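# Structural overview
Here is what each chain is made of, one letter per residue.
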Amino acid sequence: MGFDKPPVDYYLRPYYIAAEAHFKKFLKYCIGSIPRHKIISNYVRNIMKAKKEVPKFIFSFHSELSHDSINLIQGMDVDLEDFMKDLEISGILNNTVLIVMSDHGHRFSTIRETQQGKLEERLPFMFFRFPTWFEKVYPTAYRNFIENKKILTTPFDIHKTLMDILHMTGLETDDQEFKIPNNSSSRQMSLFRIIPENRTCAMAGIEPHWCACLSWKNLEINSAIVRRAAYELINKVNDITHTNRRACAELMLSRIISASSLYPKEALMKFKKSSDMDGRVPDLSDKGGITHVIIQITVETNPGMGHFEASLQYDTKQDDFRINDSEISRINAYGIQAHCVDQNPSLEHLRKYCFCIAS
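Residues numbered from 1 in each chain as written. Predicted model: local features only at pLDDT ≥ 70, side-chain atom pairs only at ≥ 80, totals over all residues. Heavy atoms only, no water.

This paragraph deals with the packing of aromatic side chains. Here a ring pair, both rings aromatic, is described through the centre-centre distance and the interplanar angle of the planes. Inspection of every chain in the model, using the stated rule, returns 16 aromatic pairs. Between Tyr-138 and Phe-178 the ring centres are 6.4 Å apart and the planes differ by 80°, which places this aromatic pair in the edge-to-face class. With Tyr-138 in the loop between helix 5 (134–137) and helix 6 (139–148) and Phe-178 in the loop between helix 7 (155–166) and helix 8 (201–204), this pair connects stretches of sequence that are 40 residues apart. Pair check on accessibility: Tyr-138 and Phe-178 agree, each one buried. When the centroid spacing of 6.4 Å and the interplanar angle of 10° are considered together, the rings of Phe-308 and Tyr-353 count as stacked. Here Phe-308 is found in strand 10 (residues 306–315), whereas its partner Tyr-353 is found in the segment after helix 11 (339–342), with 45 residues between them in sequence. (Phe/Tyr/Trp six-rings, centres within 6.5 Å; stacked < 30°, edge-to-face > 60°. Helix = DSSP H or I, 4+ residues; strand = E, 2+ residues; numbered from the N terminus. Buried < 20%, exposed > 50% of the residue type's maximum accessible area, 1.4 Å probe, protein only.)

Following this line, the structure appears as structure tokens:
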């Protein structure tokens, strides 16, 4: 069955080795009437409830639904919600740090063949749930953790964070320890301590072909692609105010202030697969090229000399742009220019776009 002496106190592997021979007798992904993912979650729940007072570390992993398909994983959404609600109601989460995670994105579904799929493979899901009292007892640690969500982090940092949790006593004096920043030269940094904003893949020990950080490149503001992006932005703004054209003037492009593009690193785009079993040797023979680029542009419009900044997604294969309202910012003050919509709650969303025709 694998081990004379199991490596942990509670070990589900022998059960699964024995049960696998019977899988074909039941509906796919089930054992009898029970979905196989619930076998795991029920096992974890029983361990946690059986000995609430005993400190424990539980690592449980399910990949059957998600490994080869991007769609099947939604089949366990309700069961996962029920599992987490039960832990909450039973009080277990009052002294538990719960981590829901994946080890990587999809490697075998068709999305992996896309630029987005390559990025997602390198950006696994990682969710932490702390006890409700944690922020009060460890305000510095919690604040640093929230700030570090915006910084490049790796699984080595998760390990360091878990080591910090091991030494927490629940005393507020412990929090002073987390005012000491991480060692900037270390490969692993605790999420409870400040991680440098300028941390790069090289600093974190990430090989170039695994680096999901994107690169900015300044663009010539008179180039055809930049001018197209500018007009796409202006058209989007005018579409937003279109239903209130009697009040809001149609804006025109006055000038392009700046433009830059955000794109994946060359090593990432060339990566096709790992050439060895351990994923250490890259096969850099992919010739698919860049299919999507983010273009960030700042323009000035008339009337009103409004300055708008937006990020547009450019599809290089379809040769078209996509832009959402949420990705448009008004970066200079509009003052009284939007007075005609300023006092109307239903038109508040137009304030940053509208130059009122009536004085």
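This part takes up the pattern of salt bridges. By the definition in use, this model includes 13 salt bridges. The shortest N-O distance in the salt bridge between Arg-193 and Glu-177 comes to 3.2 Å. Taken as a pair, Arg-193 in the loop between helix 7 and helix 8 and Glu-177 in the loop between helix 7 and helix 8 lie far apart in primary sequence, 16 residues in all. The buried category is assigned to Arg-193, whose relative accessible area is 9%. For the salt bridge of Arg-228 with Asp-319, the shortest nitrogen-to-oxygen distance reads 2.8 Å. Separated by 91 residues along the polypeptide, Arg-228 in helix 9 (residues 224–241) and Asp-319 in the loop between strand 10 and strand 11 (320–322) bring together distant segments of the chain. When its relative accessible area of 33% is taken as the criterion, Arg-228 is described as partly exposed. One network of salt bridges, in which partners are shared, links Arg-45, Lys-49 and Asp-86. (Salt bridge = Lys/Arg side-chain N within 4 Å of Asp/Glu carboxyl O.)

Close contact between helix 2 (residues 36–50) and helix 3 (residues 77–89) brings their axes to 11 Å; oriented N to C, the two are set at 5°. Classed by the angle they form, the pair helix 2 and helix 3 counts as roughly parallel. Contacts between helix 2 and helix 3 involve His-37, Lys-38, Ser-41, Val-44, Arg-45, Met-48 and Lys-49 on the former and, on the latter, Asp-79, Asp-82, Phe-83, Asp-86 and Leu-87. Within the contact of helix 2 with helix 3, the residues separate by chemical class into 4 nonpolar, 2 polar and 6 charged. (Axes fitted to C-alpha atoms, helices over the stretch in contact; angles between N-to-C directions. Parallel < 35°, antiparallel > 145°, perpendicular 65-115°, else oblique. Contact = heavy atoms within 4.5 Å. Nonpolar A, V, L, I, M, F, W, Y, C, P; charged D, E, K, R; others polar.)

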